[in-house]
Amino acid sequence: MKHGWRLAAAAAAAALALGAGPAGAAEAGDVAQRVEALLRQMTLEEKVGQLNQLSGKEFTGPATDKVRSMETEIRSGRVGSMLNIKGVPDTRRLQALALQSRLKIPLLFGLDVIHGYQTVFPVPLGESASWDMEEIEESSRIAAREAAGSGIHWTFAPMVDVGRDPRWGRVMEGAGEDSYLGARIAAARVRGFQGKQLGGVESVMATAKHFATYGAAIAGRDYNAVDMSEHLLHETYLPPFKAALDAGAATFMNAFNTLNGIPATAHSGLQRDILKGAWGFKGFVVSDWGSVREMVVHGYAADLPDAAAKALVAGSDMDMESNAYSTGLAAQVRAGKVPEALVDDAVRRVLAKKFELGLFDDPYRFSNAERERAALNDPRHRQAARRIAGKSIVLLKNEKAALPLRRGLGSIAVIGPLADARRDLEGGWIVKSDAANLASLVDAVREQAGPGTRVTYAPGCDVACRDDRGFKAALDAASAADAVVLAVGESWDMSGEAKSRADIGLPGRQSELFDALRAIGKTPVVVMMAGRPMTFENVAEQADAILYAWFAGSEGARAIADVLFGAVNPSAKLPMSFPRNLGQVPISYQQYETGRPVRDEKNIVYKSAYIDSPNTPRYAFGHGLSYTRFAYRDLRLSASAMAPNGKLTLSFTLANTGKVAGAEVVQLYLRDPLASVVRPVKELKGFQRIELQPGQQKTVSFSIDRDTLAFHNRKLEWVAEPGKFELMVGSASDDIRLRDSITLTER
Ligand code: NOJ
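Quick caveat, the model's predicted, so the values are computed rather than measured.

Quick notes on the rules
Residues numbered from 1 in each chain as written. Predicted model: local features only at pLDDT ≥ 70, side-chain atom pairs only at ≥ 80, totals over all residues. Heavy atoms only, no water. Helix = DSSP H or I, 4+ residues; strand = E, 2+ residues; numbered from the N terminus. Rg over C-alpha atoms; globule rule 2.2 N^0.38 Å. Buried < 20%, exposed > 50% of the residue type's maximum accessible area, 1.4 Å probe, protein only. Areas by Shrake-Rupley, 256 points an atom, 1.4 Å probe, with all protein chains shown as cover. Near = heavy atom within 4 Å. Polar contact = N/O pair within 3.5 Å; in protein donor to acceptor, adjacent residues only side chain to side chain. Nonpolar A, V, L, I, M, F, W, Y, C, P; charged D, E, K, R; others polar. Disulfide = S-S within 2.5 Å. Phe/Tyr/Trp six-rings, centres within 6.5 Å; stacked < 30°, edge-to-face > 60°. Lys NZ or Arg CZ within 6 Å of the ring centre and 35° of its normal. Pairing = 2+ DSSP bridges. Axes fitted to C-alpha atoms, helices over the stretch in contact; angles between N-to-C directions. Parallel < 35°, antiparallel > 145°, perpendicular 65-115°, else oblique. Contact = heavy atoms within 4.5 Å. Right-handed = clockwise from strand over helix to strand, strands pointing away. Salt bridge = Lys/Arg side-chain N within 4 Å of Asp/Glu carboxyl O. Core = buried A, V, L, I, M, F, W, Y, C linked by side-chain atoms within 4.5 Å. Domains from an automatic or database assignment. pLDDT = per-residue confidence, 0-100. Arc of directions from axis to C-beta.

Things to note about the overall build of the chain
And step 1. A tally of regular secondary structure across the chain gives 24 helices and 26 strands.
And step 2. For 747 residues, the compact-globule formula gives about 27 Å, and the C-alpha radius of gyration of the chain, at 27 Å, lands near that figure.
And step 3. For the chain, the spread of C-alpha atoms along the three principal axes comes to 80 × 65 × 50 Å.
And step 4. Taking all 747 residues of the chain together, 62% fall into the buried category.
And step 5. In the structure as shown, the chain presents an accessible area of about 27,600 Å², 50% of it carried by carbon and sulfur atoms.

Some words on the site of the ligand
And step 1. The full set close to the ligand counts 14 residues, and Thr60, Asp112, Arg170, His210 and Asp288 are the nearest of them.
And step 2. Asp112 has a polar side-chain atom sitting 2.5 Å from an oxygen atom of the ligand.
And step 3. Note that an oxygen atom of the ligand is positioned 2.7 Å from one of the side-chain N or O atoms of His210.
And step 4. For the ligand, the protein covers 100% of the area, taking 290 Å² as the surface of the free molecule.
And step 5. Split by residue class, the shell around the ligand holds seven nonpolar, two polar and five charged.

Re the state of the cysteines
And step 1. Across all of its chains, the model carries one disulfide by this definition.
And step 2. The residue that forms a disulfide with Cys461 is Cys465, at a sulfur-sulfur distance of 2.2 Å. Looking along the S-S bond of the Cys461-Cys465 disulfide, the torsion reads about -95 degrees, which is the left-handed sense. Here the two residues Cys461 and Cys465 agree in accessibility, since each one is buried.

Description of the packing of aromatic side chains
The description of an aromatic ring pair uses the distance of the two centres, along with the angle that the planes make with each other.
And step 1. Tallying each qualifying case throughout the model produces 24 aromatic pairs.
And step 2. With a centroid separation of 5.6 Å and 10 degrees between ring planes, the pair formed by Tyr632 and Phe652 is classed as stacked. Of the two residues, Tyr632 is situated in strand S17 (residues 630–637) and Phe652 in strand S19 (residues 647–656); the sequence distance between them amounts to 20 residues. Of the two residues examined, Tyr632 and Phe652, each falls in the buried class.
And step 3. Put simply, the rings of Trp131, Tyr180, Tyr589, Phe621, Tyr669 and Phe687 touch in pairs and so form one group of aromatic residues.
And step 4. Against the face of Tyr300 rests Lys310, its NZ or CZ located 5.5 Å from the ring centre.
And step 5. The ring of Trp492 carries Arg423 above its face, with NZ or CZ at 3.9 Å from the centroid.

Focus on the sheet that holds strand S18 (residues 641–642)
And step 1. The strand order across the open sheet formed by five strands is S18-S26-S25-S20-S21, and the pairing between neighbours is mixed. The open sheet terminates on both sides in strands that have one partner only, identified here as S18 and strand S21 (683–692).
And step 2. In this structure, strand S20 (residues 662–671) lies alongside strand S25 (residues 723–732), joined through five bridges in antiparallel fashion. By the bridge assignment, Leu668 is partnered in S25 with Val729.

Things to note about the packing of helix H9 (residues 230–237) against helix H10 (residues 239–246)
And step 1. The interhelical angle for the contact between H9 and H10, taken along N-to-C directions, is 45 degrees, at an axis separation of 6 Å. Taken together, the axis directions place H9 and H10 in an arrangement best described as oblique. Contacts between H9 and H10 involve Leu233, His234, Glu235, Thr236 and Tyr237 on the former and, on the latter, Pro239, Pro240 and Phe241.
And step 2. Looking at side-chain class alone, the contact of H9 with H10 contains five nonpolar, two polar and one charged residues.

Examining the pairing of strand S15 (residues 525–529)
And step 1. The buried count for S15 comes to five of five residues, which makes it a mostly enclosed element.
And step 2. The alternating pattern of S15 places Val525, Val527 and Met529 and Val526 and Met528 on opposite faces, both of which are buried.
And step 3. As paired elements, strand S14 (residues 483–489) and S15 share five bridges and run parallel to each other. Counted as the bridge partner of Gly489 is Met529 from S15.
And step 4. In this structure, S15 lies alongside strand S16 (residues 545–548), joined through four bridges in parallel fashion. Its bridge partner lying in S16, Met528 is registered against Tyr548.
And step 5. Handedness of the crossover is the feature at issue here: the chain leaves S15, passes through helix H22 (residues 537–542), returns alongside S16, and the resulting connection is right-handed.

Let's talk about the pairing of strand S11 (residues 394–398)
And step 1. The buried fraction of S11 amounts to four of the five residues, a majority that puts the element mostly inside the structure.
And step 2. Direction of pairing for S11 relative to S16: antiparallel, over a ladder of four bridges. Residue pairing in the sheet places Lys397 in a bridge with Ile546 of S16.

Concerning the sheet that holds S14
And step 1. The six strands lie next to each other as S11-S16-S15-S14-S12-S13, forming an open sheet whose pairing is mixed. Looking along the sheet, the strands with just one partner apiece sit at the ends: S11 and strand S13 (454–458). Taken pair by pair, the neighbouring strands of this sheet meet at an average axis angle of 20 degrees, ignoring direction.
And step 2. The sheet strands contacting helix H20 (residues 471–479) are strand S12 (411–415), S13 and S14, and the helix crosses S12 at an angle near 155 degrees.

Remarks on the pattern of salt bridges
A pair can form between side chains of opposite charge whenever their charged atoms are brought close.
And step 1. Summed over the entire model, instances satisfying the criterion amount to 52 salt bridges.
And step 2. Put simply, Asp344 and Lys47 hold a salt bridge, and the shortest N to O gap is 2.8 Å. Here Asp344 is found in helix H15 (residues 340–356), whereas its partner Lys47 is found in helix H3 (residues 44–50), with 297 residues between them in sequence. The two residues Asp344 and Lys47 agree in class, both being buried.

Structural notes on the nonpolar core
And step 1. Ranked by size, the top nonpolar core spans 179 residues in total, and within it Phe252, Tyr325, Ile415, Met528, Phe536, Tyr548 and Leu564 carry the most contacts.
And step 2. The element that contributes the greatest number of residues to this core is H15, accounting for seven residues.
And step 3. A domain split of this core shows at least three residues from each of domain 1 (1–109 + 346–377) and domain 2 (391–584).
And step 4. Ignoring sequence-local partners within four residues, the contact set of Ile415 consists of Ala458, Ala474, Ala477, Ala478, Val484, Val485, Leu486, Ala487 and Leu517.
And step 5. Of all hydrophobic cores here, the second largest spans 25 residues; its members include Phe630, Tyr632, Ala710 and Leu738.

Notes on unusual backbone geometry
And step 1. Cis geometry is found at the peptide bond from Lys209 to His210, where omega equals 0 degrees.
And step 2. By secondary structure assignment, the location of His210 is in strand S5 (residues 207–211).
And step 3. Residue Pro586 is reached from Val585 by a cis peptide bond, and omega for that bond is -5 degrees.
And step 4. Although it is not a glycine, Ala498 sits at a positive phi angle of roughly 55 degrees.
And step 5. With respect to the helices, strands and loops of the structure, Ala498 is situated in the loop between S14 and helix H21 (510–519).

What to know about the confidence of the model for the chain
Predicted coordinates in regions of low pLDDT should not be interpreted in detail.
And step 1. Residues with a pLDDT of 70 or more make up 96% of the chain, whose mean pLDDT is 95.
And step 2. In the predicted structure, residues 1–24 sits below a pLDDT of 50 and forms 30 contacts with residues beyond four places in sequence or in another chain.

Describing helix H16 (residues 369–376)
And step 1. Of the residues making up H16, those classed as buried are Glu372, Ala375 and Leu376. Each buried residue of H16 lies within a common arc of 90 degrees when the element is viewed along its axis, so the set occupies one face. Projecting away from the buried face of H16 at angles above 90 degrees are the exposed residues Glu370 and Arg373.
And step 2. Each element contacted by the buried residues of H16 is listed here: helix H5 (88–98), helix H7 (133–149) and helix H17 (379–392).

This is the structure:
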């Protein structure tokens, strides 16, 4: 019966007088016709079915209370999409059920493939620290290849929410605090997941999520309300979404939060006016898990049918796990509360994607055991994971030449609660954890230290580190060693969804372990693992070397060892500011000048300051060190003035003046010092990752045009106002090496 669906689908196609095209991506005009023909055949219940998404047994949210037979629902055409189903046998089995429905419309299988499917890459925030768009695209491609072979059509990624509050656990899934960097990364991830065109069997549809402002939850508490000006929304929170859309993102997911009192799920200003209106988005919007239902809890909808009506009317096309559309939408249409034309529009959007993916031509084309096996066992994927992890690890501090470690040391003690961790290396949102087969940091140091070096291990405590009973063994190991590596930080499940923290310090007594080592005269090299920026003042002040490794993935430990021993020269830069203390949160380098700015930390009387903390972060956005040094020289401008339609080029010379090869992420910042709306003191406007051999130098150029200088004015128009602009080039937002200014002329 393997080809039974073909006969069925062919019969359906003949009935619709459509003709079966070749398997593969369908042409746009052709798709529109096929969608219309199919839509004409559909009952209202079948239409609503296409907008209903249900989860398989592995839940990624709170269970809904409805008991149902999923199989019956699918067979009756009351389900358009499933999430949390994976692998060839399961996706084929459920697809076969959908093909028993009257119109034989295939299911879409969506899954949270966030930073890898089987091969795990660094968590997205960590990978963002690479500032390497090719690598970010590559890791998404690999994730897509592995997922697509296993029957997945659609990933709920990338999360493009700007995050400026490290208490919010989901900063781990994003690209950090900056809208420009976030937009570039959003586009790279969409390109990686979707490939050249939807319909390729090694690609999956991407989802730009969570539309919108989910990252600005009050007090960093997950799912909390958001209150935000229109200006900040347009300037900072929307651009990564627009970039994802421009890169072709097939779908959007809305958000759990309310924005200025309106749930994002029923926010027609966001979904209808901006996304589907001004931006012309042709794909479909899926709700977040249960977010339609939760509008009743918010106090915005009276009951489930009311929630369904409000969400659909506001532009939420598909209902994920609320059972709201399936329960109430048809009745709301019949009662005249929801125009059927809006339901039709939503259904068209969903069906179009199914056609574009080629599912009507071959509903099983993504579930392919042979391709799945090949993709999941491709050794190049692990190699890429190691390479990309190496580019994501940030060298925060390196004094007294503590790093890289010398080879040929007599002994190294690797201690700390994360020294022998495996599962934690993978971070949250793992599709197929393979922790047992990963190298831990202890393993990786053993592999690379060489046969003459004795490597010892003692954890000191577990991650929660509630007591110091294990400290003595760790101190004994350390005191006998020539070098000490201390691995501290969060466990994998301390960051991610519903993992907000009110204290972002090192958990429990971990920092006392560091102090105890210092007390016996051993200053360890500190490796930190986490899904967010943490606060760790005493370590920051007293350690000689700190590597921030995030949750670095399947090959994360080997990548850390590569950096520890200098096989990889670190080049990553922070995508989020690291505060000194929680009181500075939320924090971003993109501040606005006050009337009383602090120019000198020693003079803060009547200044915009804290009396008990500097304003500056511990580690600034864009910060990250290297084992070599880079000199920035000779800033040149092709012209000092530019007309509104003009362009100019900023160039400078970057030289590697150290002894080893390395890569520098050079950053271009802008300030508009006088404008009709006060502009931030610094805004990232460009960056490039430049690799240089020792002694080598290169000319680096950035092109500047109106768009570089523009912002949203009071009427939210995108304008560049004539006048002076300051340009700054540097190695971090707080390490500007070169400056100049230009003038934008009236005409
Ligand atoms: C809720 C999360 O907010 C969202 O990002 C995810 O895609 C869905 N659950 C599905 O698991």
